[in-house]
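Coordinate analysis (summary)
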Amino acid sequence: KAGNGHAEGPAAAAAEERGGGGGLRGCRGFLRRNALVLLTVSGVVAGVALGAAVRRASLGPAQVAYLAFPGELLLRMLRMVILPLVVCSLVSGAASLDTRSLGRLGGIALAYFLGTTLLASGLAVALGFIIRPGAGASALNDPRLGLSGDVPTSKETVDSFLDLIRNLFPANLVAAAFRTYATEYKMLLRNTTSGNVTWEKIPVGTEIEGMNILGLVLFALVLGVALKKLGQEGEDLIRFFNSFNEATMVLVSWIMWYVPIGIMFLVGSKIVEMEDIVLLVTSLGKYIFASILGHFIHGGIILPLIYFAATRQNPYRFLLGLITPFATAFATCSSSATLPSMIKCIEENNGVDKRISRFILPIGATVNMDGAAIFQCMAAVFIAQLNNVDLNPGQIFTILVTATASSVGAAGIPAGGVLTIAIILEAIGLPTNDLSLILAVDWIVDRTTTVVNVEGDALGAGILNYLNEKEKKEKEQELKEVNIEAVANSKSEEETSPLVTHKDQVSNTTSTADPESKESVL
């Protein structure tokens, strides 16, 4: 017993050591797996601290520009990979899915995008009437607010939707990579028959700076379907796009390690640039609160509920794997710039099928703007209340439909949604000169707007992935059942077929017959 006791002592100590080593290894493994997430969150916190510290130094515009330089590099790198990523991922995604699956998934995605955007618009209008952000706005003419005099030119609602359709079919694909079609107006002096002189507004087509992502998305989708139809002849080009896509994702994985540094300087420089945040919050606080509350309710409750209803899985566990793209969205205010990190994280952390993620996320980044719809509807209600205009049911309906439709064409860039608010205001007959108030707080609200935009895309991809896997399992089950039935039927035929019985009887009676007679019996 003493010997056993001595033997057990070292063994227990070794086991304990192994347990401690295992815990340490587990901790190291966790840090290694989540290093990027922890660094990104640390970058946001460090950026706030850096901005608060440097703000006291009273830097000039040139020094602030130098401070923002590392953040500017991050934005440039992310924008650099958007074009190859969108085109190649959509071509390879559309080519990898058969036409029936493509149509089915596309239909579900369209219904999801339109449904969630309409819900977001309805939520924003309801919150606007409950909170009444425009009723308590004060000190709005204070010069310290830093209100910009540059208000987007108001555009006719019809021309806005016609521009959207024109951009779907770009006249030049190369130009679509950096220019977008937009309608502007020229005022002409005309003499009427009665002798009076009138000014007439004539629409004129122009090209403005900015990638025509809508046209590129449609072209890439149609090209992928066409390559699939070609069969063997299109295989080489499909392989080229697949390889290009994988190479782009490798570039993205390298860029991701620079994200924490870039985010730190982006957030820090933005805090230094702020004029008088206390005055801004006290003057437009209710509008800021109402917008962010709308984003919180839609992103934290409504979208996860839709995901849970469709998949019966925990949505918050799914969202936990996407902290890095959410932090990127918060810092960059650009859903297009967040696309590379979103594709990488949703595939690696959440196991979404590449064919689904690379097909649906680029489309979602272009047409699904839940956060923008909330921001635009809230801004329309805010400006109406500011001008003491009581919105009637017809105007509310116009706001909902126009916000849902115009969010499709909203540019996935910082302050891209402000341009579409002008369309809504024009549609319901409100003045657009109050848009400078929205621009003053856009840098705050636009951060949560972008986070909700990319969250909606991610959860949509998760739902489609679940439905696709479910259909695949059902097909496999059907095939198994068919095989089992076929085997059972073949066995029963062998047992009951009169030919088999006849053959056995004949073979017994004619065992000594010649081969030819055996063949005839068979």
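Below, the structure is looked at part by part. The shown structure was predicted, so the numbers you read here are calculated from the model rather than taken from an experiment. Sequence order as written defines residue numbering, which begins from 1 separately in each chain. Owing to the predicted nature of the model, reporting of local features is limited to residues with pLDDT of at least 70; listing and counting of side-chain atom pairs is limited to 80 or more, with chain, interface and lining totals taken over all residues. To get the side-chain values, take all heavy atoms of the structure and skip hydrogens and water.

Some points on the overall build of the protein
We count it as follows: Counting from the N terminus, the helices are DSSP H or I runs at least four residues long and the strands are E runs at least two residues long. Residue burial is assigned from relative accessible area. The probe radius is 1.4 Å, only protein chains are included, and a residue is buried under 20% of its type maximum, exposed over 50%, and partly exposed in between. Only heavy atoms matter for contacts: two residues are in contact if any of them lie within 4.5 Å across the pair. Surface accessibility follows the Shrake-Rupley procedure with a 1.4 Å probe radius. Residue values consider only the protein chains on display as shielding.
For the protein, the helix and strand inventory stands at 21 helices and two strands. In the protein, which comprises 522 residues, the proportion classed as buried is 43%. Considering only contacts within the protein whose residues lie at least 6 apart along the sequence, 82% involve residues at least 24 apart. Just so you have it, the protein exposes about 26,700 Å², and 62% of that area is on carbon and sulfur atoms.

Some points on a nonpolar patch on the surface
The condition is simple: Residues enter patches when they are more than 30% accessible in relative terms and free of salt bridges; like-charged ones are connected within 9 Å and nonpolar ones (Val, Leu, Ile, Met, Phe, Trp, Tyr) within 5 Å. Any carboxyl oxygen of Asp or Glu that lies within 4 Å of a side-chain nitrogen of Lys or Arg is treated as forming a salt bridge with it.
A contiguous nonpolar surface patch, about 410 Å² in accessible area, is contributed by V158, L162, I165 and F169. If you trace the backbone, F169 turns up in the loop between helix 6 (157-168) and helix 7 (173-176).

Overview of the side chain of S121
When you line up the elements, S121 lands in helix 5 (residues 99-131). Judged by its relative accessible area of 0%, S121 falls in the buried class. Setting aside anything within four residues of it in sequence, one finds S121 in contact with A373, C377, L400, A403 and T404.

A few points about the environment of L123
For L123, the position within the fold is in helix 5. Between the C-alpha atoms of L123 and I297, which are 174 residues apart in sequence, the distance is 8.7 Å. Residues in contact with L123, not counting those within four places in the same chain, are G294, I297, H298 and I302.

As for the pattern of salt bridges
With the rule as written, the count across this model stands at nine salt bridges. For E471, the salt bridge is made with R104, and the minimal N-O distance between the two is 3.1 Å. Of this pair, E471 sits in helix 19 (residues 435-496) while R104 is found in helix 5, placing the two residues 367 residues apart along the sequence. On the basis of relative accessibility, which here comes to 14%, the residue E471 falls in the buried class. Owing to a relative accessible area of 28%, R104 belongs among the partly exposed residues under this scheme. Its salt-bridge partner being E348, residue K344 comes within 3.2 Å of it at the nearest N-O pair. Taken together, the positions of K344 and E348, both in helix 14 (residues 335-348) and four residues apart, correspond to about one turn of that helix. Taken together, the shared-partner salt bridges in this structure form one network comprising E246, E347, K354 and R358.

Here we look at helix 17 (residues 393-406)
What counts is decided by this rule: To estimate how far a helix should reach, multiply one less than its number of residues by 1.5 Å. Definition of a polar contact: a pair of N or O atoms within 3.5 Å, with one able to donate and the other able to accept a hydrogen when the atoms are protein atoms, and with sequence-neighbouring residues admitted only if both atoms are side-chain atoms.
For helix 17, with 14 residues, the first-to-last C-alpha span of 20 Å sits near the 20 Å given by 1.5 Å per residue. The N-cap of helix 17, judged by a side-chain oxygen 3.1 Å from the amide nitrogen of G394 a few residues on, is N392.

A short note on the nonpolar core
Note the cut-off: Definition of nonpolar core: a set of buried residues of the types Ala, Val, Leu, Ile, Met, Phe, Trp, Tyr and Cys, connected through side-chain atoms within 4.5 Å.
Judged by nonpolar contacts, the single largest core of 48 residues is most densely connected at L90, F318, L322, I346, F359, I360 and L361. Looking at this core, the element that brings in the most residues is helix 4 (residues 69-96), giving nine residues. Look past the residues within four positions of L322 in its chain and what remains in contact with it is M342, C345, I346, N350 and A458. L123, L284, I288 and A384 belong to the second largest nonpolar core, which has 37 residues in total.

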